[in-house]
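Descriptive structure summary
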Amino acid sequence: AGLPPNVVTYTSLIDALCRGGEVARAVALLRTMLERSIEPNAITCNALFNGCLQHGEVLLAREVLSYMTSAGIAPSAHSFTTLLHAAASRRRLTATPHTERGGATKSGAAFALLLRQLAAAASRPPQA
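Residues numbered from 1 in each chain as written. Predicted model: local features only at pLDDT ≥ 70, side-chain atom pairs only at ≥ 80, totals over all residues. Heavy atoms only, no water.

1. Some details on the overall build of the protein chain
Under the convention used in this document: Secondary structure elements are taken from DSSP: a helix is a run of H or I of four residues or more, a strand is a run of E of two residues or more, and numbering for both begins at the N terminus. Accessible area is worked out with a 1.4 Å probe on protein chains only. A residue is then buried under 20% of its type maximum, exposed over 50%, and partly exposed in between. For this analysis, residues touch if any pair of their heavy atoms sits within 4.5 Å. Note on areas: Shrake-Rupley, 1.4 Å probe, and residue coverage restricted to the protein chains presented here.
Scanning the protein chain for helices and strands turns up six helices and zero strands. Counted from the first residue to the last, the protein chain has its helices and strands arranged as α-α-α-α-α-α. Within the protein chain, the fraction of its 128 residues that count as buried is 35%. Nonlocal contacts in the protein chain, meaning residues at least 24 apart in sequence, comprise 63% of its contacts between residues at least 6 apart. Of the roughly 7,800 Å² of accessible surface on the protein chain, 57% is carried by carbon and sulfur atoms.

The structure is reproduced here in structure tokens:
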């Protein structure tokens, strides 16, 4: 009957769905994965996190980040870059404190701060 899907199979499908703008379906697939006791890895979570940000699902991206943190999965440098691009595209974020060399820019706290600011900016009406 074939091989059962594994983390690589699910990650590939989640990534493809996110790239195609089907973020809700990607989230549903992640839930199915968890229900089948297949643990997502950093690549799985980062694919979903990046897809959420790229398609404007900032609040959902926060949920993914929260899951990652609780599961002990660190966001990648690519995810941090994606977050910065999303923030720059909104152009309404305030500067983050403590961004000197080796400071908070590399920490999870700075990552979470940027994500909170992006979520706040997404909820404000567009500026003229």
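Now that the structure is up, let's keep going.
2. Some words on the side chain of Thr11
Here Thr11 shows up in helix α1 (residues 7-19). The class of Thr11 is buried, set by a relative accessible area of 9%. Non-local contacts of Thr11, meaning those with residues more than four positions away in its chain, are made with Asn41, Ile43 and Thr44.

3. A word on the state of the cysteines
Using the following cut-off: When two cysteine sulfur atoms lie within 2.5 Å, the pair is treated as a disulfide.
All told, the structure shown has zero disulfides when counted by the stated rule. Cys52 supplies the cysteine sulfur nearest to Cys18, a cysteine that is in no disulfide, at a spacing of 6.0 Å.

4. Some words on the packing of helix α2 (residues 23-35) against helix α3 (residues 42-54)
For clarity, the cut-off: A fitted line through C-alpha atoms represents every axis, and for helices the fit uses only the stretch in contact; the resulting angles, taken between N-to-C directions, go from 0 to 180 degrees. Between 65 and 115 degrees an angle is taken as roughly perpendicular, under 35 as roughly parallel, over 145 as roughly antiparallel, and anywhere else as oblique. By convention the crossing between two helices is left-handed if the near helix lies anticlockwise of the far one by an angle smaller than a right angle, and right-handed if it lies clockwise. Only Asp, Glu, Lys and Arg are considered charged, only Ala, Val, Leu, Ile, Met, Phe, Trp, Tyr, Cys and Pro nonpolar, and every remaining residue, Gly among them, polar.
The N-to-C vectors of α2 and α3 enclose an angle of 155°; their axes lie 10 Å apart at closest approach. The angle between the axes of α2 and α3 places the two elements in the roughly antiparallel class. Classified by chirality, the crossing of α3 by α2 is left-handed. Where α2 approaches α3, its residues Val23, Ala26, Val27, Leu30 and Met33 are matched on the opposing element by Thr44, Leu48, Gly51 and Cys52. Residue classes in the contact of α2 with α3 are distributed as seven nonpolar, two polar and no charged.

5. Structural notes on the layout of surface pockets
Our working definition: For each structure, a 1 Å grid was placed over the protein atoms alone; sets of points admitting a 1.4 Å probe that cannot get out are labelled cavities, open sets with protein on both sides within 12 Å along at least five of seven lines are labelled pockets, and lining residues have an atom within 4 Å of a point. Grid points are joined across faces, edges and corners, and a volume is the space filled by probe spheres set on the points.
Its volume calculated, the largest pocket comes out at about 150 Å³. Mapped onto the lining of the largest pocket, the elements with two or more residues apiece are α1 and α3.

6. Notes on the confidence of the model for the protein chain
Close reading of the predicted structure is inappropriate where its pLDDT is low. The following threshold applies: pLDDT expresses, on a scale from 0 to 100, how confident the predictor is about each individual residue.
Confidence in the prediction of the protein chain, expressed as mean pLDDT, is 80, and 71% of residues score 70 or more. Of all helices and strands in the protein chain, the one with the weakest mean pLDDT is helix α6 (residues 108-123) (66), whereas α1 scores best (97). Per-residue pLDDT stays below 50 along residues 92-106; that stretch engages in 23 contacts with residues further than four places along the chain or on separate chains.

7. Remarks on α3
Note the threshold: By this rule, a helix spans an expected 1.5 Å times one less than how many residues it contains. Polar contacts, as used here, are pairs of N or O atoms within 3.5 Å; protein pairs need one atom able to donate a hydrogen and one able to accept it. Residues neighboring in sequence count only if both atoms are side-chain atoms.
The end-to-end C-alpha distance of α3 is 18 Å, a good match for the 18 Å that 13 residues give at a rise of 1.5 Å each. Burial within α3 is extensive, with ten of its 13 residues counted as buried. Where α3 is concerned, the buried positions are Thr44, Cys45, Asn46, Ala47, Leu48, Phe49, Asn50, Gly51, Cys52 and Leu53. Capping the start of α3 is the job of one residue whose side-chain oxygen sits 3.0 Å from the backbone nitrogen of Ile43: Asn41.

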